[in-house]
Amino acid sequence: MVFTYTDDERSRLRARYAECLRLLRGQLADGDAALMRADMEAAAEAGCLHRDRFGFNPVNRSLATVIALCREISPDRNMAAAIMLFNACRHGYRTVGQVAERWGDDVARMVEGLMKVSDLYAKSPSIESENFRNLLLTFAQDIRVIIIMTVDRLTLMHAINHHPDHTGVARVAHEAGYLYAPLAHRLGLYAIKSQLEDMSLKYTRRDIYSRIAHKLNETKAHRDAYIANFIAPVKQRLTEAGLHFDIKGRTKSIYSIWNKMVKQKNDLDGIYDLFAIRIVLDSEPEAEKRDCWLAYSIITDMFRPNPSRMKDWISIPKSNGYESLHITVYGPDDRWVEVQIRTRRMDLVAEKGLAAHWRYKGQKAENNLDTWMNNVRDILETADSGPLELMRNMRMDIYDKEVFVFTPRGDLHRLPLGATILDFAFGIHTNLGSQCTGGKVNGKNQKINYRLRSGDTVEILSSPTQRPKPDWLNFVVTSKARNKIRVSLKEHESRVAELGKEMMQRRCKNRKITIEEGDVSKLVKKLGYKTLTDFYAAIGDERLGLDRVIEAYEEMERKAAETTRVSADTYVMQPIAAESESTRDDADVVVIGEGIKGISYRLARCCNPIYGDDVFGFISAEGVIKIHRADCPNAANIRRRYPYRVINTRWSGKIGSQLGATLRIVGRDDIGIVTNITSIINKEKNCSLRNISIESHDGLFHGFVVVGVGDQSSLNQLIRKLKTVKGVKDVQRD
């Protein structure tokens, strides 16, 4: 709706303009008023001023905001200029650069902050999040921009009472209660905060507001009389003590009363502290605490206090700078009365909030708004030109270590400074991050490592074939993204390593090569890999060819053979105790078994020889003799390829401890057949059951049984007995 004046608006505009000049007297430089008026008139004539969504005249609203700023806080030339020039810049009549030339950089910076916040609202996000409040502060940059926004919201709330656009009124009231009232509280603007809360309740719960207001009006006369009766003796005692003060009764805000009704789950009649007595002392700075506690002592001597309702915000002020003593005493007519005790300086802080919550540029930034708004109450005492002048150097960089970005639906997310599209994707969901290929930032395609800025709208692009890559760790900054990428890479590496291990085992089996674990470890080191997983993963990813692995193994075996080529005599010459004459004469045979010392040997796991089996020895690359059964599946290949490393071997005459042997059993799947098999094994002398694995299919079962036996004859005897079990078709040693 293009801006035009109505007669009523012209009359109101002239009155408000005159009021602004009166309130800003002493603040405006020569020519400021004429320049501001000329800009507004030119912008209106150019059709660059537009009514807001409620149809209000933009110039009148701006003037009302300036008046509220001067009355509620303090007159300020630059803030007033920024308020008046904002709409002209917003609708394209002036640029921020032109404002800087005509009004200075300070005004231009505030106008730019107001425009950024306006753009933020255009995204239509949900304000019901701490992230939106943080982003609002980040965009504002200057603390005075937040103050202007809060005061402007106050003037708008006054203007929309009984407006026909109920939906719009409800939305503005909700924002005032949820967003602007808490901001006003944190900024120390307590009077504005109370007005915003009351009007927010009025526009959203008008029935409740009206009922409380009506009840308060009905009881006003009685309440005023009670306050006067309470104050009279207190005033006398405080005067006798030599204190200088003002004392008055104050009815609590309607919102505060309603809040107590909700918290206490009580009706209005049950809320006893509908009003409070406030004592404001005229005290020197060094005597403030002493005088407050003296007044406290006098009040509690006159009336019985409620210890549970005592609040000492003088010894430890609130985080927002509020200082006061609150006590609740049992007054006349058996009523509880709240008494607030503070000094003139404390009262000014509580009412105006000018000395609370400011942060000077250059101090360490904090993420927590309450910490950032620390208590600097000496501003009023040290600022001859007024606290608003000092605010020019105060920057809203409390969130300079974070960025706030939107999803296409308007959801707001907070990320650390330097976060990328990939960080954002992992922040939404792990799968989305793992499949992220890039994103659209404010409608433009960007790479996966694009660093986000506050206010960006980000749409993630993904592909089901995408998976995390190691180089992603070089640019993500969030711990969630980093951890998820590492976990995914590790899981993928494990899967590839398992595949590589299977590939190597199949190739070795096809070529009839047996590579022991010790040999694999040597191969890993020889080929330059740190771990077995890295080695097998390289095979699985085909970064390492199996032909190269086999060649490396064979080369390693050849070198080992050259250094370990020895005759069997080297081993036979070791001392063998308690052997028969024939054993000692057989110089070409290595003797193994119980009691044999001086020989380093190991039973091969590919065939698991036991005492009594026909065996032969094979000198490994480690110099250890591996004992194989003569019918070992690898025997033929070993004898053909390494005949010079094969040694004749036999068992000693002593039976040693039990050795493991695997039996393959096939039979009918009858009830109790497994029980019969295990029963025979357990009853057999020199035999023990170590493991059993049975599978059945189509009425038949087959499986493997691992038994511990002392020698071959015991094993053969066990096999014969197992074959006699009803239902067993075949038993073979594996």
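Above this text is the structure in question.
Remember, it's a predicted structure, so these values are computed and weren't measured experimentally.

J.: Teacher, can you tell me more about helix α21 (residues 479–510) here?
T.: The periodicity of an α-helix, 3.6 residues per turn, causes residues three or four places apart in sequence to face the same way. Helix length check: α21 (32 residues) gives 46 Å between terminal C-alpha atoms against 46 Å at 1.5 Å per residue, within 8%. Along α21, the residues that are buried comprise A481, I485, S488, L489, H492, V496, A497, G500, M503, M504 and C508. Within two residues after α21, K512 carries a phi angle of roughly 55°, on the positive side.

J.: Just checking my understanding: could you explain the pattern of salt bridges for this structure?
T.: Charged atoms that come close allow side chains of opposite charge to pair. Going through the model one piece at a time under the given rule, you end up with 25 salt bridges. Where D246 meets R344, a salt bridge forms, and the shortest distance between an N and an O atom there is 3.0 Å. With D246 in strand β1 (residues 245–251) and R344 in helix α15 (residues 344–352), the pair connects residues that are 98 residues apart, well separated along the chain. Given a relative accessible area of 41%, D246 falls into the partly exposed group. For R278, the salt bridge is made with D347, and the minimal N-O distance between the two is 3.6 Å. Here R278, found in strand β2 (residues 275–281), pairs with D347, found in helix α15; they are 69 residues apart in sequence, far enough to count as distant. With respect to burial, R278 and D347 carry one shared label: buried.

J.: What should I look at first to understand the sheet that holds strand β9 (residues 436–441) in this one?
T.: Picture the strands of a sheet paired through backbone hydrogen bonds; they go either parallel or antiparallel. Across the sheet, 3 strands lie side by side as β10-β9-β11; this open sheet has antiparallel pairing. Because the sheet does not close on itself, it has two edges, and the strands there are β10 (444–446) and β11 (458–462). Neighbour-to-neighbour, the strand axes of the sheet open up by a mean angle of 30°, direction not taken into account. Taken together, the 3 bridges between β9 and β10 define a ladder with antiparallel strand orientation. Within β10, the residue paired with K440 across the bridge is N445. In this fold helix α19 (residues 421–428) packs onto β9, β10 and β11, with an angle of close to 105° to the strand it touches most, β9.

J.: Please clarify how the side chain of N637 should be interpreted in this entry.
T.: For N637, the position within the fold is in helix α27 (residues 635–641). A distance of 2.7 Å separates a polar atom in the side chain of N637 from a polar atom in the side chain of R640. For N637, the residues in contact, after removing those within four places along its chain, are R511, K512 and I513.

J.: Got a minute to help me understand the sheet that holds strand β17 (residues 659–668) in this structure?
T.: Pairing is antiparallel in the open sheet, where 4 strands are placed in the order β18-β19-β17-β20. What marks the edges here is a single partner per strand, and that holds for β18 (687–697) and β20 (728–733). Between one strand and the next, the sheet's axes are offset by a mean angle of 20°, whatever the strand orientation. Where β18 meets strand β19 (residues 700–709), 10 bridges bridge the pair, whose relative direction is antiparallel. Across the sheet, residue N691 finds its bridge partner in β19, namely V706. This element, helix α28 (residues 673–683), spans β17, β18, β19 and β20 of the sheet and lies at about 165° to β18. The sheet contacts of helix α29 (residues 712–723) involve β17, β18, β19 and β20, and relative to β20 the element is tilted by about 165°.

J.: What exactly am I supposed to notice about the packing of aromatic side chains here?
T.: The geometry of an aromatic ring pair is captured by two quantities: the separation of the ring centres and the angle between the planes. Scanning all chains against the criterion turns up 9 aromatic pairs. Measuring from centroid to centroid gives 5.9 Å for Y255 and W258, while their planes differ by 50°, and the two rings are tilted. Of this pair, Y255 and W258 both sit in helix α13 (residues 254–264), 3 residues apart, which is roughly one turn of the helix. With relative accessibility at 25%, the residue Y255 sits in the partly exposed group. Here the aromatic rings of F618 and Y642 are separated by 5.8 Å at their centres, their planes lie at 55°, and the arrangement is tilted. Here the residue F618 occupies a position in strand β14 (residues 615–619), and Y642 occupies one in the loop between α27 and β16 (646–651), the gap between them amounting to 24 residues. Among the residues examined, F618 registers a relative accessible area of 8% and is labelled buried. Look at Y642 and you get buried, because its relative accessible area is 12%. Taken together, the ring pairs in this structure connect Y529, F535 and Y536 into an aromatic cluster. The ring of Y330 is capped by R304, whose NZ or CZ atom sits 4.8 Å from the centre of that ring. Positioned over the ring face of Y226 is R335, at 4.9 Å from the centre of the ring.

J.: Explanation requested: the pairing of β17 in the structure shown.
T.: Every regular strand shows the same layout, with side chains that alternate between the two sheet faces. Where β17 and β19 come together, 10 bridges link them in antiparallel fashion. Residue pairing for β19: A661 is matched across the bridge by V707. Pairing of β17 with β20 involves 5 bridges; the strand directions are antiparallel. Opposite L663, over in β20, you have R733 as the bridge partner.

J.: Explain a nonpolar patch on the surface here, please?
T.: Residues V674, I692 and I694 make up a contiguous nonpolar surface patch of roughly 180 Å² in combined accessible area. Structurally, I694 can be placed in strand β18.

Rules used in this analysis
Residues numbered from 1 in each chain as written. Predicted model: local features only at pLDDT ≥ 70, side-chain atom pairs only at ≥ 80, totals over all residues. Heavy atoms only, no water. Helix = DSSP H or I, 4+ residues; strand = E, 2+ residues; numbered from the N terminus. Expected span 1.5 Å × (residues − 1). Buried < 20%, exposed > 50% of the residue type's maximum accessible area, 1.4 Å probe, protein only. Salt bridge = Lys/Arg side-chain N within 4 Å of Asp/Glu carboxyl O. Pairing = 2+ DSSP bridges. Axes fitted to C-alpha atoms, helices over the stretch in contact; angles between N-to-C directions. Contact = heavy atoms within 4.5 Å. Polar contact = N/O pair within 3.5 Å; in protein donor to acceptor, adjacent residues only side chain to side chain. Phe/Tyr/Trp six-rings, centres within 6.5 Å; stacked < 30°, edge-to-face > 60°. Lys NZ or Arg CZ within 6 Å of the ring centre and 35° of its normal. Patch = residues over 30% accessible without salt bridge, like charges linked within 9 Å, V, L, I, M, F, W, Y side chains within 5 Å. Areas by Shrake-Rupley, 256 points an atom, 1.4 Å probe, with all protein chains shown as cover.

By themselves, these figures tell us nothing about what the structure is for.
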